[in-house]
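Coordinates in review
Here's the letter readout for the chains.
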Amino acid sequence: MKKEIITTLNAPAPIGPYNQAVKTGNTLYISGQIPLKASSMELLNGTIKEETQLVMENLQSILEAAGMTFENVVKSSIFIDDMRNFGEVNQVYGAYFDNDTAPARETVAVKTLPKSVRIEISMIAVK
């Protein structure tokens, strides 16, 4: 198995022993993204919609670095700290996909996330 490491300056640099994404064959595995600003590596402390928007923009930058788009996404995992935010998160997330071809997904409420953020999203894409 050959692994290709995918990186871009348009998404936050890893803050631990992982890469932004790893491509093997036609499959891209994107690490969980949190609302970090790529340029400053500072957390966005906005509304849950603003934070979700930044996470999706970071994911989009990684997809683009791999020559893909949201159309290539086959699986998403969303982790949120409060299920009461599900509606707002879903509204922002859903704007990036066509309902007829949207990926498989789960949304899980968790007690805490890295850096005490409210949302983290990871994806798997296939070209």
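For the structure, see preceding data.
Throughout what follows, the structure given in this document is the object of discussion. The model shown is predicted, which means the values in this text are computed figures rather than measured ones. (Residues numbered from 1 in each chain as written. Predicted model: local features only at pLDDT ≥ 70, side-chain atom pairs only at ≥ 80, totals over all residues. Heavy atoms only, no water.)

Observations concerning the overall build of the protein chain
Tallying secondary structure elements over the protein chain gives 2 helices and 6 strands in all. Of the regular secondary structure in the protein chain, the N- to C-terminal order runs β-β-β-α-β-α-β-β. For 127 residues, the compact-globule estimate of 2.2 N^0.38 gives 14 Å, and the C-alpha radius of gyration of the protein chain, at 14 Å, lies within 12% of that figure. Expressed as a percentage of the 127 residues in the protein chain, the buried residues total 40%. In the protein chain, the proportion of contacts linking residues at least 24 apart, taken out of those at least 6 apart, comes to 69%. Per element, the accessible surface of the protein chain, about 6900 Å² overall, is 49% carbon and sulfur. (Helix = DSSP H or I, 4+ residues; strand = E, 2+ residues; numbered from the N terminus. Rg over C-alpha atoms; globule rule 2.2 N^0.38 Å. Buried < 20%, exposed > 50% of the residue type's maximum accessible area, 1.4 Å probe, protein only. Contact = heavy atoms within 4.5 Å. Areas by Shrake-Rupley, 256 points an atom, 1.4 Å probe, with all protein chains shown as cover.)

A word on the pairing of strand S4 (residues 73-80)
Residues in a regular strand point their side chains to alternate faces of the sheet. Sheet topology note: the S4/strand S6 (residues 119-126) ladder contains 7 bridges and is antiparallel. Pairing of Lys-75 across the sheet is with Ile-124, part of S6. Examined bridge by bridge, S4 and strand S5 (residues 104-109) share 6 bridges and lie parallel to one another. Paired with Ser-77 across the bridge in S5 is Glu-106. Chirality of the crossover, the property in question, places the unit of S4, helix H2 (residues 86-94) and S5 among those that are right-handed. (Pairing = 2+ DSSP bridges. Right-handed = clockwise from strand over helix to strand, strands pointing away.)

Side note on the side chain of Gln-33
In this structure, Gln-33 sits in strand S3 (residues 27-33). We classify Gln-33 as buried; its relative accessible area is 4%. In terms of polar contacts, Gln-33 uses its side chain to reach the backbone carbonyl oxygen of Ser-31, at 3.2 Å. Leaving out residues up to four positions away in the same chain, Gln-33 has contacts with Pro-12, Gln-20, Val-55, Asn-58, Leu-59, Ile-62, Ile-119, Glu-120 and Ile-121. (Polar contact = N/O pair within 3.5 Å; in protein donor to acceptor, adjacent residues only side chain to side chain.)

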